[in-house]
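Each chain, written out:
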Amino acid sequence: MKSIKTIFWILWRIWFYILMAIPIFIMLPFLILSILSEKGYPYFFRMARIWAKFILFGMGFYYKIEKEQSIEKNKSYMIVANHTSMTDIMLMLAIVKNPFVFVGKQELAKIPIFGFFYKRTCILVDRKNSQSRMAVFTKAHKRIERGLSVCIFPEGGVPDDETILLDHFKEGAFKLAIQHQIPILPISFGDNKERFPYTFFAGSPGIMRVKIHKQVETFGKTESDRKEIREAVRTTIYTQLLEFETEKKTETA
């Protein structure tokens, strides 16, 4: 039985990367045209959403969204969420219609095909390099000025210890939101770690629960409010993750 599961996980992981490549090859000419200028980004974003939904559907994932508020069209947000899986990227693209750019680690740019577009459309950061971290603010400023939203996973990466429900939040997302006086949109992902974890021999098709929380206003806030806002957003997401865990235990009991 164990050997069958092992074979399944190997084939399933290979299938994931095949699914990543298929829509890119199909849409390749249009994707390339959309990244030739900044004006083309909204078109690239639409195709990225198709790519994301294709992967989620192909992997047997289906998402259920609960909203405390609707996301306003043509409004810039600082989108933040917990980070536990590579599928966080796909799920975020699938559920948020407003064009946004990811701030993500530069290591993902090494993934064949995906990395080509990733490094040309996202804001890459080397978290070990202070100059790279500072450059994020300049690049994000340009995107926000163009009316785009920005998405940051404020844990700064996926915790090595998978028992950690939610790691400490770093300052960057909240500093940017206050600087630009844009609202923060907290989002909780309930099942991505279970569906497709970084642990190779684990995961399964199934539900991905999502909670879109009420936005946190930064209008009129200053640097002195940053820590309070950061902890309030973290508490919102952490509390929801605890609720997800309770629901999960109740269903399996």
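For the structure itself, consult the block above.
Parameters at a glance
- Residues numbered from 1 in each chain as written.
- Predicted model: local features only at pLDDT ≥ 70, side-chain atom pairs only at ≥ 80, totals over all residues.
- Heavy atoms only, no water.
- 1 Å grid on protein atoms, 1.4 Å probe; cavity = no way out; pocket = protein on both sides within 12 Å on 5 of 7 lines; lining within 4 Å.
- Points joined across faces, edges and corners; volume = space filled by probe spheres on them.
- Helix = DSSP H or I, 4+ residues; strand = E, 2+ residues; numbered from the N terminus.
- Expected span 1.5 Å × (residues − 1).
- Contact = heavy atoms within 4.5 Å.
- Salt bridge = Lys/Arg side-chain N within 4 Å of Asp/Glu carboxyl O.
- Buried < 20%, exposed > 50% of the residue type's maximum accessible area, 1.4 Å probe, protein only.
- Disulfide = S-S within 2.5 Å.
- Pairing = 2+ DSSP bridges.
- Axes fitted to C-alpha atoms, helices over the stretch in contact; angles between N-to-C directions.
- Parallel < 35°, antiparallel > 145°, perpendicular 65-115°, else oblique.
- Left-handed = near helix turned anticlockwise from the far one by under 90°.
- Nonpolar A, V, L, I, M, F, W, Y, C, P; charged D, E, K, R; others polar.
- Arc of directions from axis to C-beta.
- Core = buried A, V, L, I, M, F, W, Y, C linked by side-chain atoms within 4.5 Å.

Engineer: I'd like a description of empty space enclosed by the protein, backed by residues and values.
Structural biologist: A probe as big as a water molecule, rolled over the atoms, marks out the empty space that is left. Under the criterion given, the structure shown has 3 cavities of 30 Å³ or more. The computed volume of the largest cavity comes to approximately 260 Å³. Contributing to the lining of the largest cavity are 18 residues, with F44, A48, W51, F114 and T121 lying nearest its centre. Broken down by secondary-structure element, the contributors of at least two residues to the lining of the largest cavity are α1 (2-34), α2 (41-58), α3 (87-95), β3 (100-105) and α4 (114-121).

Engineer: How would you explain helix α8 (residues 226-252) if you had to name every residue and give the values?
Structural biologist: With 27 residues, α8 should reach 39 Å at 1.5 Å per residue; the first-to-last C-alpha distance of 39 Å fits that figure. Looking at the buried residues of α8, the elements they touch are β2 (78-81), α6 (172-180), β6 (184-189) and β7 (206-212).

Engineer: Give me the lowdown on the pattern of salt bridges, citing residues and values where you can.
Structural biologist: One pass over the structure, following the stated rule, counts 13 salt bridges. The partner of E171 in a salt bridge is R230, and the shortest N-O contact between them spans 2.4 Å. Taken together, the residues E171 in the loop between β5 (149-152) and α6 and R230 in helix α8 connect sequence positions 59 residues apart. Residue classification places E171 among the partly exposed residues on the basis of a relative accessible area of 29%. E245 is paired through a salt bridge with K248; the nearest N and O atoms lie 3.5 Å apart. Here E245 pairs with K248, and both are found in helix α8, just 3 residues apart, close to one helical turn.

Engineer: Describe the state of the cysteines, and please don't skip the residues or the numbers.
Structural biologist: Under the criterion given, the structure shown has 0 disulfides. No disulfide involves C122; its nearest neighbouring cysteine sulfur is the one of C151, lying 9.5 Å away.

Engineer: Kindly report on the sheet that holds β2, identifying the contributing residues and their values.
Structural biologist: Pairing is mixed in the open sheet, where 7 strands are placed in the order β1-β7-β6-β2-β5-β3-β4. Edge positions in the open sheet fall to β1 (61-67) and β4 (123-125), since each of these has one partner strand only. Going from strand to strand, the sheet's axes swing by 25 degrees on average, the running direction of each strand aside. Pairing analysis gives 4 bridges linking β3 to β5, with the strands arranged parallel. Paired with V101 across the bridge in β5 is V150. Lying on the sheet, α6 is in contact with β2, β5 and β6; it crosses β2 at an angle near 160 degrees.

Engineer: Before we move on, can you summarise unusual backbone geometry with the specific residues and values?
Structural biologist: Negative phi values dominate among residues other than glycine, just as trans dominates among peptide bonds. Positive phi, normally seen in glycine, also occurs at N74, with a value near 60 degrees. Position of N74 among the secondary structure elements: in the loop between β1 and β2. For Q181, which is not glycine, the phi dihedral falls at a positive 55 degrees. Position of Q181 relative to the elements: it lies in the loop between α6 and β6.

Engineer: Mind laying out the packing of α1 against α2, listing which residues take part and the relevant values?
Structural biologist: Across the interface, α1 lies against α2 with an axial gap of 9 Å and an inter-helix angle of 160 degrees. Relative to α2, α1 is oriented roughly antiparallel. In terms of crossing hand, the pair formed by α1 and α2 is right-handed. Where α1 abuts α2, its residues W15, F16, L19, M20, I22, P23, I24, M27, F30, L31 and S34 lie against Y41, Y43, F44, M47, W51, F54, I55 and G58. Residue composition of the contact of α1 with α2, by class: 17 nonpolar, 2 polar and no charged.

Engineer: Please give an account of α4 that cites residues and values.
Structural biologist: The periodicity of an α-helix, 3.6 residues per turn, causes residues three or four places apart in sequence to face the same way. By the burial criterion, the buried members of α4 are F114, G115, F117, Y118 and T121. Relative to the axis of α4, the buried residues are bounded by an arc of 165 degrees and lie together on one face.

Engineer: An account of the nonpolar core is requested, with residue identities and associated values reported.
Structural biologist: Ranked by size, the top nonpolar core spans 77 residues in total, and within it W51, M78, M92 and I187 carry the most contacts. No other element matches α2, which puts 9 residues into this core. M92 has contacts with I79, A81, F100, F102, C151, F153, I187 and F189, leaving out every residue within four places of it along the chain.

Engineer: Kindly report on the environment of G206, identifying the contributing residues and their values.
Structural biologist: Looking at the secondary structure, you find G206 in strand β7. Measuring from C-alpha to C-alpha, the distance between G206 and N192 comes to 9.7 Å, with 14 residues separating the pair along the chain.

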